[in-house]
Amino acid sequence: MEKRTLGRTGLEVTVIGFGAMTIGGVFGPVDDGESNRALHAAVDSGMNFIDTSDAYGAGHSETVIGKFLNERTDRGDILIFTKGGNDMSTGSRNFTPEYIGGCLEGSLKRLGMDVIDYYQLHNPTVDNMAAEDSYALLEKARDDGKIRHWGVSINTVEECNLAADQDKPSTMQMEYNVISQEAAPAFARAKEADVGVISRVPLKRGFLSGRIDEAFEFAEGDRRKGILSPENIRKFQTQLSRTREVAANLGISAAQAAIRFCVSNENVSCVIPGIRTPEQSEQNAACGESLPAEAVRRLQEV
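Throughout what follows, the structure given in this document is the object of discussion.

## Some points on the pattern of salt bridges
Part 1 of the reasoning: Counted according to the given criterion, the structure contains 22 salt bridges.
Part 2 of the reasoning: The residue K146 makes a salt bridge to E105 at a minimum N-O spacing of 2.4 Å. Here the residue K146 occupies a position in the loop between helix 5 (135–143) and strand 9 (147–153), and E105 occupies one in helix 3 (residues 97–111), the gap between them amounting to 41 residues.
Part 3 of the reasoning: Overall, E105 belongs to the partly exposed group, its relative accessible area being 38%.
Part 4 of the reasoning: One salt bridge in this structure joins E301 and R242, with 3.0 Å as the shortest N-O distance. You can see E301 sitting in the segment after helix 13 (293–300) and its partner R242 sitting in helix 10 (residues 237–250), a full 59 residues away along the chain.
Part 5 of the reasoning: Accessibility expressed as a relative area gives 43% for E301, which makes it partly exposed.
Part 6 of the reasoning: Taking the relative accessible area as the measure of exposure, R242 reaches 17% and is therefore buried.
Part 7 of the reasoning: If you follow the salt bridges from partner to partner, you end up with R242, E245, E294, R297, R298 and E301 in one network.

## Some details on helix 12 (residues 278–285)
Part 1 of the reasoning: Along helix 12, the residues classified as buried are P278, S281, N284 and A285. An end-on view of helix 12 places all buried positions within 130° of arc, on one side of the element.
Part 2 of the reasoning: Elements in contact with the buried residues of helix 12: strand 3 (18–19), helix 1 (32–44) and helix 11 (254–263).

## Some points on the packing of helix 10 against helix 11
Packed helix pairs are specified by the crossing angle of their axes together with the interaxial distance, meaning the distance between the axes.
Part 1 of the reasoning: In contact at an axis separation of 8 Å, helix 10 and helix 11 are set at 100° when each is read in the N-to-C sense. As far as their axial angle goes, helix 11 and helix 10 are roughly perpendicular. Between helix 10 and helix 11, the contacting residues are T243, R244 and A247 on the first element and A254, A257 and A258 on the second.
Part 2 of the reasoning: Grouping the constituent residues of the contact of helix 10 with helix 11 by class yields four nonpolar, one polar and one charged.

## Considering the packing of aromatic side chains
Two aromatic rings are characterised by how far apart their centres lie and by the angle between their planes.
Part 1 of the reasoning: Enumeration over the complete set of coordinates arrives at seven aromatic pairs.
Part 2 of the reasoning: When the ring of F49 is compared with that of F81, the centres are 4.9 Å apart and the planes differ by 25°; the resulting orientation is stacked. Of the two residues, F49 is situated in strand 4 (residues 49–51) and F81 in strand 5 (residues 79–84); the sequence distance between them amounts to 32 residues.
Part 3 of the reasoning: Ring centres 4.8 Å apart and planes at 50° place the aromatic pair Y135 and W150 in the tilted group. With Y135 in helix 5 and W150 in strand 9, the pair connects residues that are 15 residues apart, well separated along the chain. Across this residue pair, the class does not change: Y135 and W150 are buried.
Part 4 of the reasoning: Through pairs of rings, three or more aromatic residues link up here, namely F49, F81 and Y118.
Part 5 of the reasoning: Across from the ring centre of F27, 5.2 Å away, lies the NZ or CZ of R224, which sits over that ring.

## Some words on the packing of helix 3 against helix 5
Part 1 of the reasoning: The contact between helix 3 and helix 5 brings their axes to 9 Å, and the two run at 35°. Taken as a pair, helix 3 and helix 5 cross one another with a handedness that is right-handed. Contact residues: P97, I100, G101 and L104 in helix 3; L137, L138 and A141 in helix 5.

## Some details on the state of the cysteines
Part 1 of the reasoning: Applying the stated rule across the entire model yields zero disulfides.
Part 2 of the reasoning: The thiol sulfur of C262 is not disulfide-bonded, and the nearest other cysteine sulfur, from C287, lies at 10 Å.
Part 3 of the reasoning: Taking the relative accessible area as the measure of exposure, C262 reaches 0% and is therefore buried.

## Considerations on helix 10
Part 1 of the reasoning: Relative to the 20 Å expected for 14 residues at 1.5 Å per residue, helix 10 spans 20 Å between its end C-alpha atoms, a close match to the ideal helical length.
Part 2 of the reasoning: Residues of helix 10 that are buried sit in contact with helix 9 (230–235), helix 11 and helix 13.
Part 3 of the reasoning: Where helix 10 terminates, the next one or two residues include G251, which has phi positive at roughly 70°.

## Examining unusual backbone geometry
Part 1 of the reasoning: The phi dihedral of A58 is positive, around 50°, even though this residue is not glycine.
Part 2 of the reasoning: Structurally, A58 is set in the loop between strand 4 and helix 2 (60–70).
Part 3 of the reasoning: Phi is positive for K204, which is not a glycine, with a value near 50°.
Part 4 of the reasoning: Position of K204 among the secondary structure elements: in the loop between strand 11 (196–200) and helix 8 (224–227).

## Examining the environment of G59
Part 1 of the reasoning: Take G59: it is sitting in the loop between strand 4 and helix 2.
Part 2 of the reasoning: Non-local contacts of G59, meaning those with residues more than four positions away in its chain, are made with D54 and R110.

## What to know about the pairing of strand 9
Part 1 of the reasoning: A large share of strand 9 lies buried, amounting to six of its seven residues.
Part 2 of the reasoning: In the sheet, strand 8 (residues 116–122) pairs with strand 9 via six bridges, with the strands oriented parallel. By the bridge assignment, H122 is partnered in strand 9 with S153.
Part 3 of the reasoning: In this structure, strand 9 lies alongside strand 10 (residues 171–175), joined through two bridges in parallel fashion. Its bridge partner lying in strand 10, S153 is registered against Q173.

Basis of the calculations
Residues numbered from 1 in each chain as written. Predicted model: local features only at pLDDT ≥ 70, side-chain atom pairs only at ≥ 80, totals over all residues. Heavy atoms only, no water. Salt bridge = Lys/Arg side-chain N within 4 Å of Asp/Glu carboxyl O. Helix = DSSP H or I, 4+ residues; strand = E, 2+ residues; numbered from the N terminus. Buried < 20%, exposed > 50% of the residue type's maximum accessible area, 1.4 Å probe, protein only. Arc of directions from axis to C-beta. Contact = heavy atoms within 4.5 Å. Axes fitted to C-alpha atoms, helices over the stretch in contact; angles between N-to-C directions. Parallel < 35°, antiparallel > 145°, perpendicular 65-115°, else oblique. Nonpolar A, V, L, I, M, F, W, Y, C, P; charged D, E, K, R; others polar. Phe/Tyr/Trp six-rings, centres within 6.5 Å; stacked < 30°, edge-to-face > 60°. Lys NZ or Arg CZ within 6 Å of the ring centre and 35° of its normal. Left-handed = near helix turned anticlockwise from the far one by under 90°. Disulfide = S-S within 2.5 Å. Expected span 1.5 Å × (residues − 1). Pairing = 2+ DSSP bridges.

Spelled out as structure tokens, the structure:
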């Protein structure tokens, strides 16, 4: 699989990585055995990094990953990215040095690691970033050898632009897909500033795979229920139809077309589809090639 440099971190990452929110139980019940097999299948299929957070199942995703890492003879070739500051079980966010320091120590313990390759503040606001909450703490953690690099996982174009302008976070993570393309100019700005870009939610929480319609029944505890409400599903139909059209013309699935659309953006360092099963690992690992230019143009139109 193609590798790209993750901004000024210098890390060489495969264009597709393992998005580990799904194995934390955030989208309903999970089978840890299947999650373990999915992680092994991802690395065996060529992915070289996993992106997680202490918020995914209150640390459960990290715990599953830590067990998996102990089973790999190629452990040194697998990069681990994680995050702190966003407690998804309570909805509270805290980016004070004291809190982030505790998050980092907890992640190191659950993952069974001495040093994390890339650590992210998990959804700080513009105000948090402008105040540089915990920036000094993360710099010290890097100097102390607890993390190698740090950045931000954010939610708005304004936050993306600030991350590029600050010259402190080395990488940003942001939603980008066929439906939500508004961050594309900010990604170009980031590349000019040598800030790496991680594209998350390439399938819009599974919607662009074409398997979720208005009658879809979400499992208890599945956080996608609000994002993929019947109203939003109706609203997103044009983008899904175009994705299916492009996919059919290329002889690939809608999910493959959607992921490859993100890969096609030269300002994106890597893409992290959420993965639950070994089959998804293998299917997503096959999406590392850019789409033909005309296919990209068609999808940009929507």
